[in-house]
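One letter stands for each residue in the lines below.
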Amino acid sequence: MTISTLVLALGLVLIFEGLVFVLAPRRIEELLRSFAALSVETRRLIGLIALAIGGILITLAKVIAA
């Protein structure tokens, strides 16, 4: 993995995050309130699942590019 790949990945994350805030700012507020109501363990599980899916997607992208 090169530094340009990391910069590209960070740029893509920021674009998608920015789009959510531009297109649905009220929905984000509702979502944050919903997350605040969840237990810490549930939030950790959601984070772990997101981490696993991200890792799978990265691995899949590397396999496709090879």
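Let me sum up the structure you'll find in this document. Source: prediction; values computed, not measured.

This part covers the layout of surface pockets. Approximately 340 Å³ is the volume found for the largest pocket. What lines the largest pocket is a set of twelve residues, and nearest its centre among them are T5, A9, L12, I58 and A61. The set of elements that each furnish at least two residues to the lining of the largest pocket consists of α1 (3-23) and α3 (40-65). Ranked by residues supplied to the lining of the largest pocket, first place goes to α1 with six residues. Split into classes, the residues belonging to the lining of the largest pocket amount to nine nonpolar, two polar and one charged.

Along the chain, the position of T42 falls in helix α3. With 34 residues separating them in the primary sequence, T42 and L8 have C-alpha atoms 30 Å apart. A distance of 2.9 Å separates the side chain of T42 from the side chain of S39, its partner in a polar contact.

Across all of its chains, the model carries one salt bridge by this definition. The salt bridge involving E30 is made with R27; its shortest N-O contact spans 3.2 Å. Of this pair, E30 and R27 both sit in helix α2 (residues 25-37), three residues apart, which is roughly one turn of that helix.

Mapped onto the secondary structure, S39 falls in the loop between α2 and α3. Considered as a pair, S39 and L10 are 29 residues apart in the sequence and their alpha carbons are 29 Å apart.

Basis of the calculations
Residues numbered from 1 in each chain as written. Predicted model: local features only at pLDDT ≥ 70, side-chain atom pairs only at ≥ 80, totals over all residues. Heavy atoms only, no water. 1 Å grid on protein atoms, 1.4 Å probe; cavity = no way out; pocket = protein on both sides within 12 Å on 5 of 7 lines; lining within 4 Å. Points joined across faces, edges and corners; volume = space filled by probe spheres on them. Helix = DSSP H or I, 4+ residues; strand = E, 2+ residues; numbered from the N terminus. Nonpolar A, V, L, I, M, F, W, Y, C, P; charged D, E, K, R; others polar. Polar contact = N/O pair within 3.5 Å; in protein donor to acceptor, adjacent residues only side chain to side chain. Salt bridge = Lys/Arg side-chain N within 4 Å of Asp/Glu carboxyl O.

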